[in-house]
Amino acid sequence: MQNSRAAFDPLSYENLGLSIVDALERQPIEQLKSVPKFKGAGIYALYYTGNFDLYAPVAEANRKQPGSWALYIGKADAENSRKGLAVSPEEVGYKLYNRIKNHRRSIEQVANLDIADFTVRLLVLTPTWVPLAEQIAIRTHSPLWNTHIDGLGNHDPGSGRSGSQRSKWDTIHPGRPWADKLHNNSIPPEDLAKSAYSSIEERLKKLNNNG
């Protein structure tokens, strides 16, 4: 009895997503602090090379091979992307650039990170494909700031939600003025760091095994 083989479908959503992630990883690495203004929606990846102890293995990997270990992956949609409309970067406006600029401001506000230690890859996309690309990229790389220390992309909840608790990201990286006004996270900083480092160790084991 012959064994059947699964047919490769290059146009499946999974494979289309992986092809977009591959395109992102082929983009040039830029300094986060000096990304020039541009138009369009798309996805991006942040990389760290600094001296914050928790991220030491991540930083070392990115110093040896720039852009090899993403700390965060995100997206910037266009308003009409949910309608499936193909729109040009000119029509979208500065969505992706503004998203990056907001992250830069957040990192600059905290005391234990230096914006000079961050680089970024950017990929402008037809808006229809942005959500799929982000989903596949996060699933592929499991970036720490997406999975264990989430909250970088949070905004001021406003006075009406002053009872909200501080995000994991703001707990590990205090300094954003609006976040300092929120309640402490229910998980102590040392426990957050321990969970995050366990994830880093697991990634290191996989890399060593594959190597």
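Everything here concerns the structure above.
Computed from a predicted structure; not experimentally measured. (Residues numbered from 1 in each chain as written. Predicted model: local features only at pLDDT ≥ 70, side-chain atom pairs only at ≥ 80, totals over all residues. Heavy atoms only, no water.)

J.: Quick rundown of the overall build of the chain? Include the residues and the values.
T.: Summing up its helical and strand segments, the chain has nine helices and four strands in all. What you see in the chain, going N to C, is helices and strands ordered as α-β-β-α-β-α-α-β-α-α-α-α-α. Among the 211 residues that make up the chain, the fraction classed as buried is 40%. Contacts in the chain between residues at least 24 apart in sequence constitute 70% of all its contacts with a sequence separation of at least 6. (Helix = DSSP H or I, 4+ residues; strand = E, 2+ residues; numbered from the N terminus. Buried < 20%, exposed > 50% of the residue type's maximum accessible area, 1.4 Å probe, protein only. Contact = heavy atoms within 4.5 Å.)

J.: Explain the packing of aromatic side chains residue by residue, including any values.
T.: Under the counting rule described, the total for this entry stands at eight aromatic pairs. Between Tyr 48 and Tyr 55, the aromatic rings sit 5.7 Å apart at their centres with planes inclined by 80°, giving edge-to-face as the arrangement. For the pair Tyr 48 and Phe 118, a centre-to-centre distance of 5.0 Å together with 50° between the ring planes defines the contact as tilted. Separated by 70 residues along the polypeptide, Tyr 48 in strand β2 (residues 41-48) and Phe 118 in strand β4 (residues 118-125) bring together distant segments of the chain. Assessed through its relative accessible area of 0%, Phe 118 is described here as buried. Grouping aromatic residues by their ring pairs yields a cluster made of Tyr 48, Phe 52, Tyr 55, Phe 118, Trp 145 and Trp 169. The cationic tip of Lys 37 hangs over the ring face of Tyr 94; the distance from NZ or CZ to the ring centre is 4.3 Å. The ring of Trp 69 has Arg 203 sitting right over it, with the charged end atom 4.5 Å from the ring centre. (Phe/Tyr/Trp six-rings, centres within 6.5 Å; stacked < 30°, edge-to-face > 60°. Lys NZ or Arg CZ within 6 Å of the ring centre and 35° of its normal.)

J.: Explain the pairing of β2 to me, using residue names and the numbers behind them.
T.: Where burial is concerned, most of β2 is hidden: eight out of the eight residues are buried. Side chains of β2 alternate between two faces, with Ala 41, Ile 43, Ala 45 and Tyr 47 and Gly 42, Tyr 44, Leu 46 and Tyr 48 buried alike. Both β2 and β4 contribute to a ladder of eight bridges, which runs antiparallel. Directly across from Ala 41, in β4, lies its bridge partner Leu 125. Inspection of the sheet shows β2 paired to strand β3 (residues 70-76) by six bridges, in the antiparallel sense. Its bridge partner lying in β3, Leu 46 is registered against Tyr 72. (Pairing = 2+ DSSP bridges.)

J.: I'd like a description of the pattern of salt bridges, backed by residues and values.
T.: Per the counting criterion, the structure on display carries five salt bridges. Between Arg 26 and Asp 22 there is a salt bridge, with its nearest N and O atoms 2.9 Å apart. Of the residues examined, Arg 26 reaches a relative accessible area of 57% and is grouped as exposed. (Salt bridge = Lys/Arg side-chain N within 4 Å of Asp/Glu carboxyl O.)

J.: So what's going on with the sheet that holds strand β1 (residues 30-31)? Residues and values would help.
T.: Strand order in the open sheet made by the four strands is β1-β4-β2-β3, with antiparallel pairing throughout. At either margin of the open sheet sits one strand with a lone partner, and together these are β1 and β3. The sheet contacts of helix α4 (residues 95-109) involve β2, β3 and β4, and relative to β2 the element is tilted by about 25°. Against the sheet, helix α5 (residues 130-141) touches β2, β3 and β4, its axis set at about 170° to β3. (Axes fitted to C-alpha atoms, helices over the stretch in contact; angles between N-to-C directions.)

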